[in-house]
Amino acid sequence: MLRSVFCSLFGGLGAFYCLAVASAALAKGPYCQTHNQKWGYPFEDLGGSYLQNKTQWEACVTPPRVVLWHMVLFSLLLGLGLLELLLCGIQVVNGLLGTVCGDCRKAGDREGVGVRALATIGV
Ligand SMILES: *[C@@H]1O[C@H](CO)[C@@H](O)[C@H](O)[C@H]1NC(C)=O
């Protein structure tokens, strides 16, 4: 049980890293070529306003549709990171409860409930 908790904590750490990278990338914007032929991060200092304002997307010329790609990719990563964090959180709580509580069933229930049930119906 405790091993599962540690695995989940490690997974949660990875999920947190994924969230951090994805949100930082979304805030910074894609690396692309602008109108004056220079490569850079044209949305870097705009505080992420390009996410709502499509007219700003034209600041990126090459590669084509890079802003949309960037947003879709890192939004997916953000969503998956959140999901992973949620699942790992549930698993940590579950594992801790299991460690603290142990096998909480009564001793009688533990041994062969299924077998006895089968016996009562005559199999
Ligand atoms: C979107 O960005 C363009 C170009 O920077 C700007 O002229 C326009 O006012 C912005 N629109 C909104 C709704 O912020």
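A quick note: this is a predicted structure, and the numbers were derived from the prediction, not measured.

Another aspect to go through is the UniProt feature "transmembrane region" (unreviewed entry) in the chain. Under the local residue numbering, the UniProt record ascribes the feature "transmembrane region" (unreviewed entry) to residues 67-87. Its end C-alpha atoms 30 Å apart, residues 67-87 is made of 100% helix and 0% strand.

Here we take up the site of the ligand. Taken together, Asn53, Thr55 and Gln56 make up the full set of residues adjacent to the ligand. Asn53 is positioned with one of its side-chain polar atoms (N or O) 2.3 Å from an oxygen atom of the ligand. Contact between the ligand and Thr55: an oxygen atom at 3.2 Å from a side-chain N or O atom of the residue.

Next up on the list: the side chain of Gln33. Looking at the secondary structure, you find Gln33 in strand S1 (residues 32-33). A polar contact of 3.3 Å, which involves the side chain of Gln33, links it to the backbone oxygen of Gln37. Among residues more than four places away in sequence, those in contact with Gln33 are Lys38, Trp39, Ala59, Cys60, Val61 and Thr62.

Position of Gly95 relative to the elements: it lies in helix H2 (residues 66-101). Spatially, the C-alpha atoms of Gly95 and Arg3 are 8.5 Å apart, while their sequence positions differ by 92 residues. With sequence-adjacent residues up to four places away left out, Gly95 is seen in contact with Met1 and Val5.

Within the secondary structure layout, Leu83 lies in helix H2. C-alpha separation for the pair Leu83 and Ala15, spaced 68 residues apart in sequence, amounts to 8.4 Å.

What follows covers the nonpolar core. Counting twelve residues, the largest nonpolar core is built from Ala22, Ala25, Leu26, Cys32, Phe43, Tyr50, Trp57, Cys60, Val66, Val67, Met71 and Phe74. For this core, the secondary-structure elements that each account for two or more residues are helix H1 (2-28) and H2. When residues of this core are assigned to their parent elements, the largest contribution, four residues, is made by H2.

In this model, H1 (27 residues) spans 39 Å end to end at C-alpha, consistent with the 39 Å of a helix rising 1.5 Å per residue. Within the sequence span of H1, burial applies to Val5, Ser8, Gly11, Gly12, Ala15, Cys18, Leu19, Ala22, Ala25 and Leu26. Summarising the contacts, the buried residues of H1 are in contact with H2. Of the residues one or two after H1, Gly29 is the one with positive phi, at around 90°.

This brings us to unusual backbone geometry. A cis geometry characterises the amide bond from Thr62 onward to Pro63, with omega recorded as -10°. Tracing the backbone through its elements, the reader meets Pro63 in the loop between strand S2 (39-40) and H2. One non-glycine residue, Gln37, lies in the positive phi region at around 65°. Take Gln37: it is sitting in the loop between S1 and S2. You can call Gln37 exposed: its relative accessible area is 58%.

According to the stated counting rule, one finds one disulfide in the structure shown. The disulfide partner of Cys32 is Cys60, and the S-S distance across this bridge is 1.8 Å. Handedness of the Cys32-Cys60 disulfide follows from its S-S torsion of about -75°: it is left-handed. Note that Cys32 is positioned in strand S1 and Cys60 in the loop between S2 and H2, a separation of 28 residues in sequence. Taking the relative accessible area as the measure of exposure, Cys32 reaches 0% and is therefore buried.

Calculation notes
Residues numbered from 1 in each chain as written. Predicted model: local features only at pLDDT ≥ 70, side-chain atom pairs only at ≥ 80, totals over all residues. Heavy atoms only, no water. UniProt positions renumbered as here; feature names shortened; annotations may be inferred. Helix = DSSP H or I, 4+ residues; strand = E, 2+ residues; numbered from the N terminus. Near = heavy atom within 4 Å. Polar contact = N/O pair within 3.5 Å; in protein donor to acceptor, adjacent residues only side chain to side chain. Contact = heavy atoms within 4.5 Å. Core = buried A, V, L, I, M, F, W, Y, C linked by side-chain atoms within 4.5 Å. Buried < 20%, exposed > 50% of the residue type's maximum accessible area, 1.4 Å probe, protein only. Expected span 1.5 Å × (residues − 1). Disulfide = S-S within 2.5 Å.

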